Amino acid sequence: MKNILPPKVSNSVNETVSVLVRYKLIIFVLLVAGVYGYIVLTISSLANAQPTADQISAESRPIKSTKIDKQVILQLQQLQDNSVSVKTLFNEARDNPFQEN
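Throughout, a residue's number is its position along its own chain's written sequence, starting from 1. The predicted nature of this model means local features are confined to residues of pLDDT at least 70 and side-chain atom pairs, given and counted, to a pLDDT of 80 or more, with totals for whole chains, interfaces and linings taken over all residues. Neither water nor hydrogens contribute to the side-chain values; these are computed over all heavy atoms in the structure.

1. Some words on the overall build of the protein
Secondary structure follows DSSP: runs of H or I at least 4 residues long count as helices, runs of E at least 2 residues long count as strands, and numbering of each begins at the N terminus. Along its length, the protein carries five helices and zero strands. When the helices and strands of the protein are placed in sequence order, the string is α-α-α-α-α. Burial here depends on accessible area, computed with a 1.4 Å probe over protein chains only, as a share of the maximum for the residue type. Under 20% is buried, over 50% is exposed, and the range in between is partly exposed. Across the 101 residues that make up the protein, the buried fraction comes to 2%. Accessible surface area values rest on a Shrake-Rupley calculation with a 1.4 Å probe, where residue burial reflects the displayed protein chains alone. Counting only carbon and sulfur atoms, one obtains 63% of the accessible surface of the protein, whose full area is about 10,200 Å².

Right under this line is the structure:
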């Protein structure tokens with residue numbers, strides 16, 4: 001195969017490659033350390049980032065509170081008063097809510 005590079009450039013490329021091969025372990029360690037440092041700095045900057053005003057307003061929308069209808073409460077109380085088994089069920093739930101039946 002014919003060499004397309006002039007002799008000076010060819011020698012320079014050969015010398016560069018031989019230096020890289022000689023120090024390949026050091027170059028690899030420096031490359032891994034650089035990537036690791038970049039990842040640590042990126043995580044650190046993301047951890048300390050403050051939310052924007054738009055993000056705050058989107059998350060702080062009013063929370064809907066649960067409303068219990070008074071008629072439902074009265075109906076449950078009537079059922080509890082009328083039925084012995086329901087009354088027992090309510091009392092057991094108050095005594096030990098984690099009991100399995």
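2. Describing a nonpolar patch on the surface
Note that patches include only residues with greater than 30% relative accessible area and no salt bridge, and the join distances are 9 Å for like charges and 5 Å for nonpolar side chains (Val, Leu, Ile, Met, Phe, Trp, Tyr). The term salt bridge refers to a side-chain nitrogen of Lys or Arg lying within 4 Å of a carboxyl oxygen of Asp or Glu. Taken together, the side chains of Val-19, Leu-20, Tyr-23, Ile-26, Ile-27 and Leu-30 make up a nonpolar region of the molecular surface, amounting to roughly 550 Å² of accessible area. Looking at the nonpolar patch, the elements with two or more residues in it are α1 (7-22) and α2 (24-47). Ranked by the residues each element gives to the nonpolar patch, the list is headed by α2, at three residues. As for its placement among the helices and strands, Val-19 is situated in helix α1.

3. Quick notes on the confidence of the model for the protein
pLDDT is a per-residue confidence score from the predictor, ranging from 0 to 100. Here the protein averages 81 in pLDDT, while 77% of its residues score no lower than 70. Mean pLDDT values for the elements of the protein range from 68 in helix α5 (residues 84-95) up to 95 in α2.

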